[in-house]
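The primary structure of each chain is shown beneath.
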Amino acid sequence: MQPILYDILYIVDVTIERADQQKIQDEIKAIILENGGEILKENVWGKMTLAFPIEKKTEGLYVNLEFKALPTVPKLIEQYDLTHTGLLRHLTLRVPKAKLIQEKRDEEKRRKELEAAERARQAALAAEAKAEVEAAMAESKAEADPSAETPVAPAVEPAEAPKEAESASSPAVEASTAPETKDQVVEEKPEAE
């Protein structure tokens, strides 16, 4: 027979001593473990007001356990409840397979998200380290060879070169722009270079 997943919520009387409350919790866990069970989660919800009085008590210590065990274990817990006065109530539920499947999916999703976040963090750290190494290498290279620095190109100011080109072509321009009449003929003279 395979273990089945159970969820139990029980209420311990808060009017008894704290040591007795802890003893009841330990005995319930011992029943589960001694009969081949495995406790997966334990949540002590703490002292809470009851919805209605139980045995003239208005408050109780709520404890939730999730465990895997054989089908005989819930019956043993019920027998314990009947024989001990410090345990006010208990409710044991068999967890359906659909919930188990959903929990596995959720756990797998959380695991993948954590892995993706870890990969992203590692990539960011690697990129940061690479940038630091490159900066250090560039700095050491600049210190070792100061002439290797990139010279700043001098600003080129427009010289009088465009005006000279303009003046070289000016006779032709003057000839072409000068008004021509029948009486006046303008001849171009070749320039000596």
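In the block above lies the structure referred to throughout.
Here we summarise the structure given alongside this text. Keep in mind it's a predicted model, so treat the numbers as computed, not measured.

## Some thoughts on the sheet that holds strand β3 (residues 57-69)
Ordered in space as β2-β3-β1-β4, the four strands form an open sheet in which the pairing is antiparallel. A single partner strand is all that each edge strand has here, and the edge strands are β2 (38-54) and β4 (87-94). Here the strands of the sheet are splayed against their neighbours by 20 degrees on average, with no regard to which way each runs. In this structure, β2 lies alongside β3, joined through eleven bridges in antiparallel fashion. In the strand pairing of β3, V44 is matched with V63. Contacting β1 (4-13), β3 and β4, helix α2 (residues 73-83) crosses the sheet at an angle of about 170 degrees to β4.

## So, the pattern of salt bridges
Per the stated rule, a full pass over the model turns up seven salt bridges. The salt bridge partner of E27 is K23, with a shortest N-O separation of 3.9 Å. With E27 and K23 both in helix α1 (residues 18-34), this residue pair falls four residues apart, about one helical turn. For E27, a relative accessible area of 23% translates into the label partly exposed. With its nearest N and O atoms 3.1 Å apart, the salt bridge here joins K29 to E42. Linking K29 in helix α1 with E42 in strand β2, this pair joins segments that are 13 residues apart in sequence. On the accessibility criterion, E42 (33% relative accessible area) is partly exposed. Salt bridges sharing partners connect three or more residues here, namely E108, R111 and E115.

Rules used throughout
- Residues numbered from 1 in each chain as written.
- Predicted model: local features only at pLDDT ≥ 70, side-chain atom pairs only at ≥ 80, totals over all residues.
- Heavy atoms only, no water.
- Pairing = 2+ DSSP bridges.
- Helix = DSSP H or I, 4+ residues; strand = E, 2+ residues; numbered from the N terminus.
- Axes fitted to C-alpha atoms, helices over the stretch in contact; angles between N-to-C directions.
- Contact = heavy atoms within 4.5 Å.
- Salt bridge = Lys/Arg side-chain N within 4 Å of Asp/Glu carboxyl O.
- Buried < 20%, exposed > 50% of the residue type's maximum accessible area, 1.4 Å probe, protein only.

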